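Below, each chain spelled out in residue letters.
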Amino acid sequence: MTISNTGTGDVEPEVREELERLRASIDNIDAAVVHMLAERFKATQQVGRLKARHRLPPADPARESRQIARLRSLAEDARLDPAFAEKFLNFIVAEVIRHHERIAEDTAAKPPAS
């Protein structure tokens, strides 16, 4: 078996084909993740607008704690590192809060509708 540090140039054809098949699957999963994140952010934008209209705070620490516990449990069930899942959710939540803050600022700056 030949191993290459420069890509797949000198790898056996059947190994290269398997590698390409696996990478194509990863690429499809990555595309699905991006599309799912886009859908999630569409929903959180609606939440942000609702919060802004009713002058609710951008962050909801109690909800975030429940979501972290829920995601950690889902990760365990899926045999994914719960700490990684929590870091991933924290990253997303930070971005959502940033969006909600911006929506709140934009809403406060607009004159009331007549």
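The model shown is predicted, which means the values in this text are computed figures rather than measured ones.

Scoring rules and cut-offs
- Residues numbered from 1 in each chain as written.
- Predicted model: local features only at pLDDT ≥ 70, side-chain atom pairs only at ≥ 80, totals over all residues.
- Heavy atoms only, no water.
- Helix = DSSP H or I, 4+ residues; strand = E, 2+ residues; numbered from the N terminus.
- Buried < 20%, exposed > 50% of the residue type's maximum accessible area, 1.4 Å probe, protein only.
- Contact = heavy atoms within 4.5 Å.
- Areas by Shrake-Rupley, 256 points an atom, 1.4 Å probe, with all protein chains shown as cover.
- Axes fitted to C-alpha atoms, helices over the stretch in contact; angles between N-to-C directions.
- Parallel < 35°, antiparallel > 145°, perpendicular 65-115°, else oblique.
- Left-handed = near helix turned anticlockwise from the far one by under 90°.
- Nonpolar A, V, L, I, M, F, W, Y, C, P; charged D, E, K, R; others polar.
- Polar contact = N/O pair within 3.5 Å; in protein donor to acceptor, adjacent residues only side chain to side chain.

(A) The overall build of the chain, seen in detail. Counting secondary structure elements, the chain contains three helices and zero strands. The buried share of the chain, reckoned over its 114 residues, is 18%. In the chain, 49% of the contacts between residues at least 6 apart in sequence involve partners at least 24 apart. In the form shown here, the chain has an accessible surface area of approximately 9000 Å², with 58% of it arising from carbon and sulfur atoms.

(B) Local environment of the packing of helix α1 (residues 13–53) against helix α3 (residues 82–109). The interhelical angle for the contact between α1 and α3, taken along N-to-C directions, is 40°, at an axis separation of 9 Å. As far as their axial angle goes, α3 and α1 are oblique. Relative to α3, α1 is oriented so that their crossing is right-handed. In this structure, α1 uses Leu37, Arg40, Phe41, Thr44, Gln45, Val47, Gly48, Arg49, Lys51 and Ala52 to contact α3, whose residues at the interface are Phe88, Leu89, Ile92, Glu95, Val96, His99, His100, Ile103, Ala104 and Thr107. Looking at the contact of α1 with α3 residue by residue, the classes come out as ten nonpolar, six polar and four charged.

(C) Broad picture of the side chain of Thr44. Within the secondary structure layout, Thr44 lies in helix α1. If we ignore the near neighbours within four places in the chain, the residues touching Thr44 are Val96 and His100.

(D) Looking closely at the environment of Thr107. In this structure, Thr107 sits in helix α3. Along the chain, Thr107 and Arg55 lie 52 residues apart, while their C-alpha atoms are 9.5 Å from each other. Here Ile103 takes part through its backbone oxygen, which lies 2.8 Å from a polar atom of the side chain of Thr107.

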